[in-house]
Amino acid sequence: MKLDILVFGAHADDAEIGMAGTIAKHTAAGFKVGMCDLTRAEMSSNGTVELREQEAQQAAAVLGAEVRSNLGLPDRGLYITEGHLAAVTAEIRRYAPSMVFAPYWEDRHPDHIACSKLVEEAVFNAKLRKYMPDKPAIPEPGLYFYFINDLGRTDLIVDVTAQYPLKEQALSCYRSQFGLAPGEDAVATPLTEGYIERVRSRDMLLGQRRLIPYAEGFAGKVPYTVDLFDAARK
Ligand SMILES: [Zn+2]
């Protein structure tokens, strides 16, 4: 199956925090979007691997994703190794997406940074026909970076106002991460302390410069090209 968009995260919920609205917007418009989590988040303070997998599948269904995979790479061990790079590259080649998304390259969580770099290197390798020749090389997809904890340089924003209720619904699937019910075996983490409210405030701020109620922001490492003839005719 070919996908239009493939979104990578270190942990289930990363992609939703950064770009659930953009995912929902594109699936509703008929684009095929896939989500891939690199780890099972086995080091997370709250929730179990099984529970997180269920939550991830529920959230993917809310957003209309075609597929949600998990590469089962080690949580807190996302180093750039030959094996990790091969696994991510194989996933990109498998779906031959036109666009790939990864976490922004600066973040307070080191796994998000590691995921960012790993995906960037895998996107590069995906087009090299002499790298892993048993899996055919693909044209290099476009690569953009979404925000999880840290807000960085914003090269693109997407208006997700109409999709915002779906984003909140997808985020609330991760009950084990964002909720802290009394009596549960859970500890307070940054995610239990008003995290969804912080994401909402951030997305309001991202729309501010264009007077958009809610936007998601993305950074790119190469300039976005436009056809100026269209802009000039308006
Ligand atoms: Zn994460």
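For the structure, check the block above.
Because the structure is predicted, anything quoted here is derived from the model rather than measured.

Engineer: Looking at this model, I keep getting lost on the overall build of the protein. Mind explaining?
Structural biologist: Across its full length, the protein holds 8 helices and 7 strands. The contacts of the protein with a sequence gap of at least 6 include a subset with a gap of at least 24, amounting to 81%. Treating the 26 positive side-chain charges of the protein as one cloud and the 32 negative ones as another, the clouds have centres 7 Å apart.

Engineer: Even after reading the chapter, I still don't get the coordination of the zinc ion, so can you show me in this structure?
Structural biologist: Reference values for coordination geometry: four tetrahedral donors around a metal ideally subtend 109.5 degrees, six octahedral donors ideally subtend 90 or 180 degrees. Coordination of the zinc ion by the protein comes from His 11 (ND1), Asp 14 (OD) and His 112 (NE2), over a distance range of 2.0 to 2.1 Å. Written as a sequence motif, the donor arrangement for the zinc ion is H-x2-D-x97-H. Each member of the pair His 11 and Asp 14 is classed as buried.

Engineer: Is there a simple way to explain the packing of helix H3 (residues 82-95) against helix H4 (residues 110-126) in this structure?
Structural biologist: Two measures define how a pair of helices packs: the angle their axes make with one another and the distance between the axes. Interhelical geometry of H3 versus H4 gives an angle of 60 degrees and a closest axis separation of 8 Å. Put simply, H3 runs oblique to H4. Relative to H4, H3 is oriented so that their crossing is right-handed. Each of His 84, Leu 85, Val 88, Thr 89, Ile 92 and Arg 93 in H3 lies in contact with H4, whose residues at this interface are Leu 118, Val 119, Glu 121, Ala 122, Val 123, Asn 125 and Ala 126. Among the residues making up the contact of H3 with H4, the classes are represented as 8 nonpolar, 3 polar and 2 charged.

Engineer: Can you help me understand the pairing of strand E7 (residues 215-219) in this one?
Structural biologist: Consecutive side chains along a regular strand alternate between the two faces of the sheet. Among the 5 residues of E7, 5 are classified as buried, and the element is accordingly described as predominantly covered. Pairing of strand E5 (residues 142-146) with E7, which is carried by 2 bridges, proceeds in the antiparallel orientation. Each residue of the ladder has a partner; that of Phe 145, found in E7, is Ala 219. Of the pairings in the sheet, the one linking strand E6 (residues 156-159) to E7 comprises 4 bridges and is antiparallel in character. Bridge pairing links Leu 156 to Phe 218 in E7.

Engineer: Looking at this structure, how should I read the sheet that holds strand E1 (residues 5-9)?
Structural biologist: Strand pairing in a sheet relies on backbone hydrogen bonds, with the paired strands running either antiparallel or parallel. Judged by pairing direction, the sheet is mixed, and its 7 strands sit side by side in the order E3-E2-E1-E4-E5-E7-E6 without closing on themselves. In this open sheet, the two strands that pair with only one neighbour each are strand E3 (67-73) and E6. Strand-to-strand twist across the sheet, computed as the mean angle between neighbouring axes with direction ignored, equals 25 degrees. Where E1 and strand E4 (residues 99-103) come together, 3 bridges link them in parallel fashion. Residue pairing for E4: Leu 6 is matched across the bridge by Val 100. Helix H2 (residues 49-63) contacts strand E2 (33-39) and E3 of the sheet and is inclined by roughly 150 degrees relative to E3.

Calculation rules
Residues numbered from 1 in each chain as written. Predicted model: local features only at pLDDT ≥ 70, side-chain atom pairs only at ≥ 80, totals over all residues. Heavy atoms only, no water. Helix = DSSP H or I, 4+ residues; strand = E, 2+ residues; numbered from the N terminus. Contact = heavy atoms within 4.5 Å. Lys, Arg positive; Asp, Glu negative; His and termini not counted. Charge placed at Lys NZ, Arg CZ, Asp CG, Glu CD. Donors = N, O, S within 2.8 Å, 3.2 Å for Na, K, Ca; no water. Buried < 20%, exposed > 50% of the residue type's maximum accessible area, 1.4 Å probe, protein only. Axes fitted to C-alpha atoms, helices over the stretch in contact; angles between N-to-C directions. Parallel < 35°, antiparallel > 145°, perpendicular 65-115°, else oblique. Left-handed = near helix turned anticlockwise from the far one by under 90°. Nonpolar A, V, L, I, M, F, W, Y, C, P; charged D, E, K, R; others polar. Pairing = 2+ DSSP bridges.

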